[in-house]
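Structural overview
Residue strings, one per chain:
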Amino acid sequence: QGNALVLVDLSCGHARLGGTALAQAWQQVGDDTADVGDVALLGRAFRAVQELVSDGRIVSAHDRSDGGLVTTLAEMAFGGNVGIDVGLTGDAPTSALAALFSEELGLVLEAPDGDGVVEFLREHDVLGSVIGSVAAAGGNVVVRYNGDAVIDRPMVELRAIWDDTSTRIDRLQANSECVDEE
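Remember, it's a predicted structure, so these values are computed and weren't measured experimentally.

1. Here's the deal with the overall build of the protein
- Regarding its fold elements, the protein presents seven helices and seven strands.
- Along the protein, helices and strands appear, N-terminal first, in the series β-α-α-β-α-β-α-β-α-β-β-β-α-α.
- Radius of gyration (C-alpha) of the protein: 17 Å, near the 16 Å computed for a compact globule of 182 residues.
- Projected onto its principal axes, the C-alpha positions of the protein cover 50 × 40 × 35 Å.
- Burial analysis of the protein (182 residues in total) assigns 37% to the buried set.

Printed below as a string of structure tokens:
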């Protein structure tokens, strides 16, 4: 097992899907969108994370935004060229879709001492939880929800799909010759 992955949830437990990339992919908008519910929490989290960075206790970090937690985790795996092993839990009516795709305020920290980071955050009145760990270089991206695997694929395979999709989107938004040259 490698470094821990710590979810810092700044949404006060919400998992709203309105306005998300998932909703848009299903040609929906939704009426319950992510919002900042506690501005003071955001400030405390910012200061705590800055202190963790200054102390060298964080290896990497990524915000939870466009695409939700699943995108955050995938991008961290792609950027580090590593696999990840993540386990999430939830109660009804929270679904795996909401847990993975809501674009609520939050971030994921990669840290050698996940439990220590969680305790440090708690001391600053910020909720953090270890949700998994970094796996071997080039390993699988594994995400479980309530014990059931929702993703278990080689990171390199997922990254190739991601890169191909990104290139196709770029071709629609920019000069295709420039995109192909890139």
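2. Looking at unusual backbone geometry
- Look at Cys12: it is not a glycine, yet its phi comes out positive at around 60°.
- Within the secondary structure layout, Cys12 lies in the loop between β1 (4–9) and α1 (21–25).
- The residue Asn81 is not glycine, and still its phi comes out positive at about 55°.
- Tracing the backbone through its elements, the reader meets Asn81 in the loop between α3 (68–80) and β3 (82–88).

3. Brief notes about the pattern of salt bridges
- In total, this model carries five salt bridges according to the counting rule given.
- Its salt-bridge partner being Arg64, residue Asp9 comes within 2.9 Å of it at the nearest N-O pair. Residue Asp9 is found in strand β1, and its partner Arg64 is found in the loop between β2 (60–63) and α3; the two are separated by 55 residues along the sequence.
- Residue Asp9 is classed as buried on the basis of its relative accessible area of 16%.
- Arg64 gets classed as buried once you look at its relative accessible area, which sits at 7%.

4. A word on the sheet that holds β2
- Spatially, seven strands are ordered β2-β4-β1-β5-β3-β6-β7 in an open sheet, and the strand pairing comes out mixed. Sheet topology places β2 and β7 (148–154) at the edges, where each strand pairs with a single neighbour. When strand polarity is set aside, the average angle formed by the axes of neighbouring strands in this sheet is 20°.
- As paired elements, β1 and strand β5 (residues 128–137) share five bridges and run antiparallel to each other.

Basis of the calculations
Residues numbered from 1 in each chain as written. Predicted model: local features only at pLDDT ≥ 70, side-chain atom pairs only at ≥ 80, totals over all residues. Heavy atoms only, no water. Helix = DSSP H or I, 4+ residues; strand = E, 2+ residues; numbered from the N terminus. Rg over C-alpha atoms; globule rule 2.2 N^0.38 Å. Buried < 20%, exposed > 50% of the residue type's maximum accessible area, 1.4 Å probe, protein only. Salt bridge = Lys/Arg side-chain N within 4 Å of Asp/Glu carboxyl O. Pairing = 2+ DSSP bridges. Axes fitted to C-alpha atoms, helices over the stretch in contact; angles between N-to-C directions.

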